[in-house]
Amino acid sequence: MTDTTIAPGTGSAPAPGTPLLEARGVIMRFGGLTAVNNVDLTVNTGEIIGLIGPNGAGKTTFFNCLTGLYIPTEGQVTYKGTVLPPKPFKVTQAGMARTFQNIRLFHNMSVLENVLVGRHTRTKEGIVSAILRGPGYRREEADSREKAMALLEFTGLARKASHLARNLPYGEQRKLEIARALASEPGLLLLDEPTAGMNPQETRATEELVFAIRDRGIAVLVIEHDMRFIFNLCDRVAVLVQGEKLVEGTSEVVQADERVIAAYLGTPYEAAPGSTADAGSGADAGSRADADSGSASDAEGTIPEEDEQ
Amino acid sequence: MTETTTTPATAPRPALPLPETAARGLVAVGGLATAASAFLSWTYSSSFPGDLTVTGYPGGLQWVTLVAGALVLLFALSGYRIRGLRWLTPGGADGATVIVAVGALATTWFTLIAIADELGGLANLTSGGWIAGIASLLGLLGALGLPRDRTESGEKNPLKRILAYPGNRPDLSPAPALPAAVELLVIAVAVAIGLGIFTFGIDTSYGELFGGFLIAASFASWALSRSGALGRLTDITGRHRVYSAVLAFVAAAVFPFTQSNDANATIGVNLLIFGGTALGLNVVVGLTGLLDLGYVAFLGVGAYTAALVSGAATSSVHVTFPFWAAALTGAAISGIFGIILGAPTLRVRGDYLAIVTLGFGEIFRIVVNNLDGVSGPNVTGGPNGIPNIPDLTIFGFNLGNSHTIGGITLGRFANYFELMLVFIAIIVLIFSRSSSSRIGRAWVAIREDETAATAMGINAFRFKLLAFALGATLAGLAGTVMAHVNFSVVPDPFVFAGPVPPNSAFLLAAVVIGGMGTVTGPLIGAALFYLLQAKLQFLQSYQLLLFGIALILFMRFRPEGLIANKQRRLEFHEDETESAELSTAGA
Ligand SMILES: Nc1ncnc2c1ncn2[C@@H]1O[C@H](COP(=O)(O)OP(=O)(O)O)[C@@H](O)[C@H]1O
Ligand SMILES: [Mg+2]
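Residues numbered from 1 in each chain as written. Chains lettered and ligands numbered in written order. Predicted model: local features only at pLDDT ≥ 70, side-chain atom pairs only at ≥ 80, totals over all residues. Heavy atoms only, no water.

Asks: A description of unusual backbone geometry should follow, citing residues and the corresponding values.
Replies: Residues and elements named next belong to chain B. Here the amide bond leading from Pro501 into Pro502 is cis, since omega sits at -5°, within 30 degrees of zero. Counting through the fold element by element, Pro502 comes out in the loop between helix 18 (460-485) and helix 19 (504-514). Unusually for a residue other than glycine, Asn388 sits at a positive phi of about 55°. Relative to the assigned elements, Asn388 resides in the loop between helix 14 (350-370) and strand 1 (393-394). Accessibility expressed as a relative area gives 61% for Asn388, which makes it exposed. Of note, Phe487 is a non-glycine position whose phi angle comes to about 70°, a positive value. Structurally, Phe487 is set in the loop between helix 18 and helix 19. Relative accessible area serves as the criterion here: at 40%, Phe487 is assigned to the partly exposed category. (Helix = DSSP H or I, 4+ residues; strand = E, 2+ residues; numbered from the N terminus. Buried < 20%, exposed > 50% of the residue type's maximum accessible area, 1.4 Å probe, protein only.)

Asks: How would you explain the site of ligand 1 if you had to name every residue and give the values?
Replies: All names here are of chain A. If you check the shell around ligand 1, you find 14 residues, and the closest are Gly56, Gly58, Lys59, Thr60 and Thr61. One of the backbone N or O atoms of Lys59 is found 2.8 Å from an oxygen atom in ligand 1. For ligand 1, the accessible surface in isolation is 560 Å², of which the surrounding protein chains cover 75%. With 3 residues, the single largest contributor to the shell around ligand 1 is helix 1 (residues 59-67). Tallied by class, the residues present in the shell around ligand 1 amount to 6 nonpolar, 5 polar and 3 charged. (Near = heavy atom within 4 Å. Polar contact = N/O pair within 3.5 Å; in protein donor to acceptor, adjacent residues only side chain to side chain. Areas by Shrake-Rupley, 256 points an atom, 1.4 Å probe, with all protein chains shown as cover. Nonpolar A, V, L, I, M, F, W, Y, C, P; charged D, E, K, R; others polar.)

Asks: With reference to specific residues and values, describe helix 6 (residues 170-182) of chain A.
Replies: For helix 6 of chain A, built from 13 residues, the straight-helix expectation of 18 Å at 1.5 Å per residue is met to within 8% by its first-to-last C-alpha distance of 19 Å. Burial analysis of helix 6 of chain A places 11 of its 13 residues in the buried class, the great majority of the element. For helix 6 of chain A, the complete set of buried residues consists of A:Gly171, A:Glu172, A:Gln173, A:Arg174, A:Leu176, A:Glu177, A:Ile178, A:Ala179, A:Arg180, A:Ala181 and A:Leu182. Buried residues belonging to helix 6 of chain A abut strand 6 (96-98), helix 3 (111-118), helix 5 (135-155), strand 7 (188-192) and helix 7 (200-215) of chain A together with helix 17 (450-455) of chain B. (Expected span 1.5 Å × (residues − 1). Contact = heavy atoms within 4.5 Å.)

Asks: So what's going on with the pairing of strand 9 (residues 236-241) of chain A? Residues and values would help.
Replies: All names here are of chain A. The element strand 9 is largely enclosed, with a buried count of 6 among its 6 residues. Where burial is concerned, the two faces of strand 9 agree: the one with Arg236, Ala238 and Leu240 and the one with Val237, Val239 and Val241 are both buried. Pairing of strand 9 with strand 10 (residues 244-249), which is carried by 5 bridges, proceeds in the antiparallel orientation. Bridge pairing links Val239 to Val247 in strand 10. Hairpin connection of strand 9 to strand 10: 2 residues between the antiparallel strands, including Gln242 at a positive phi of 50°. (Pairing = 2+ DSSP bridges.)

Asks: Before we move on, can you summarise the coordination of the magnesium ion (ligand 2) with the specific residues and values?
Replies: Residue and element names in this part refer to chain A. Coordination of the magnesium ion (ligand 2) by the protein involves Thr60 (OG1) and Gln101 (OE1), with metal-donor separations of 2.0 to 2.1 Å. Residue Thr60 is found in helix 1, and its partner Gln101 is found in the loop between strand 6 and helix 3; the two are separated by 41 residues along the sequence. Exposure class is identical for Thr60 and Gln101. Each is buried. (Donors = N, O, S within 2.8 Å, 3.2 Å for Na, K, Ca; no water.)

Asks: Tell me about a nonpolar patch on the surface, residues and numbers included.
Replies: All names here are of chain B. Together, Trp109, Ile113, Leu122, Trp130, Ile134, Leu137, Leu138 and Leu141 give the surface a local cluster of nonpolar side chains, amounting to about 730 Å² of exposed area. Among the secondary structure elements, those contributing two or more residues to the nonpolar patch are helix 4 (94-119) and helix 5 (127-144). If you tally residues by element for the nonpolar patch, the top one is helix 5, at 5 residues. Secondary-structure assignment places Ile113 in helix 4. (Patch = residues over 30% accessible without salt bridge, like charges linked within 9 Å, V, L, I, M, F, W, Y side chains within 5 Å. Salt bridge = Lys/Arg side-chain N within 4 Å of Asp/Glu carboxyl O.)

By themselves, these observations are geometric and do not establish any function.
Here it is as structure tokens:
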């Protein structure tokens, strides 16, 4: 099969905007392990890009390289044409915000306070004005609260503004992470498995939410295991397997790619779906198999990942 | 998250199988008799301090028993659902009754045992003493027969089971607001009672009385918290923040006027210095979650700076700053030291930070000891320190002299007490405003999850440094007053652990036991620790041991401290609140 990777951005028809994020040749090694191997990825304005791959493929590690939590061993990440400094707070300042696979809320702060923390980079009142509480401070604080409440409204959490984050049910915690990230007024939002642990209705709602976010002019890069979610949402999908980008393309292209199916199912099962798989059933098989592999490896996967963001 | 296995929500049985009416009657009678017994003579000999030989009038420790017995009666009557009293017990009267009954028994028996011990045998007790002991026991027996209104939390540890007997603090939704005038009155009464309790505690002139007082006060506050009364009060003060704060400061300012001599003002001013410093440490430990074991050094920097610019003859810097300038200089230099020490140390996290700060705290003391003109340049006067620091004159008002205001004479320490109170007000204002701002949210975010905080755009290092600097500044501010209060500044007090506060360990304990992240917690913690060591002098040699034991017990049974900020309470007792909620839902 020919390489289906679409040359991103430059000129080709499906690219809706100008390049926002460009990762070039990103390599991340942990000792002998190469978790991310020479990955290129471009996200354009107005796009929703999916990043899929089996557990341990290096998706989260790649996110960490993009957001400055890890300093890539090699490679370069630019946002709006400037090279990103490898410091998470500067990345957020530049306009990229993220959520975490293992929810990392500020558990003992209220829902509203969590979102207010997200406003941090877009506010600048310092300690002196916080103590003096002049009109400038009060205006900024009121503005922050208003914007934060609007985001809670947007994500459907407004009723719970004064609850402690830790007391929210799982699905709402994920939503709160998204609201908190949006509070930093990003140009690009990175979501790491936003529907993990959600029931089907919640997943549908999250789909709507991601579309709504895109409609606000925010590009989205999303890691997800739910194939229906990914193929419904994404303009392009990149597949990461063992740290390398295997395929990148539209949903149709990726669903049809035999290597993706093989990577998800593992070789022993290659014949298992039986029929001479056309694109549709192939994707189904992929989605089902992933659900299995996801839940099976979750138990062991979550614990070591806890400290790796 | 995970399913919590909850025991079925059946009401647990009381410890004694009494009919409910009998139990209620017994508590009420026991409480009344306990209170009444305070008017009897308890011993033949007046050599026990406080003179408990008088019939017809309570003395010394009998006052404590009187109040404890009255509280038992009060809660018992509230158990009868008498209208006005129910306001005291929105979370149920019976659990609280058990607590006060234990408190009344403990403080009464403590007195009786102290009499027998000091005078040589039980023969020294008169029949009045025996009546007091039996009455308080009857009250407790009745209380143990009262129905229980909470489920057991399935606790295995026997000590925890006993502590859980009266049930957990209720998690009540805020009560509907009363008319504003009533609420303001309630706050005023509460503040006045608080002042009364504090004054009684600080006035106690012998260790036995303080011991009995402490027992009764502890159980009474536990009971009020269990009954939900304190929660109600917190809701009300929360609705009138400024008013409550102003009233509390007025009450504190009135304190020296209730004193006939300067001795308790000395305790008061040192207590305030300790409390103000603890509040500064609270920025670092409570809000930002950084364990600083060398914090007292910043108090030292402030004290030394103020001493150097005070115009003392022994100062190596021959300048005399007006006090406002000296205070600002001390605070600023201390803040700069905070940055200098923080910049290298804050690059390490957790336990490492604790060890490095411990080291820096010791370095401060050693350096100050050696800048004596022999081992190094003469800056601090070495072990002799800087003595003979002149008294302050503010608006032509010499704080070293006694002044008579409204017929009441305020001595030197009372003057400094009032000055330090102004400083406390400033520190409280700075603490509460910064903690409820963008800056404070960044600190708490770092405490909660540093990685997530940086991913939200917070420059964690910079904000940790800011917390360190602000904490140091506040300690420095307190230090400038300390220099003048104590006449001299020497290196000795600025150690990690010692028998006398403030030292780093006591400061940390005041914050942790008082309640991290709150304003009142560290102040109450500081008051408790200061009074304990000032009043229980006979414990001097065991003090650090007892201190260690208290710390361990607290971490085991009440990790959120005395004044729990609601958030931390939920954090530490999540499972218990859950089961409590279940039980109320089931009932
Ligand atoms: N900090 C780290 N140190 C060592 N190995 C790591 C670290 N972070 C991730 N890895 C490894 O990199 C690989 C990719 O992990 P990850 O990016 O979490 O996968 P995914 O998100 O695709 O499931 C895994 O083998 C994981 O163990
Ligand atoms: Mg992952």
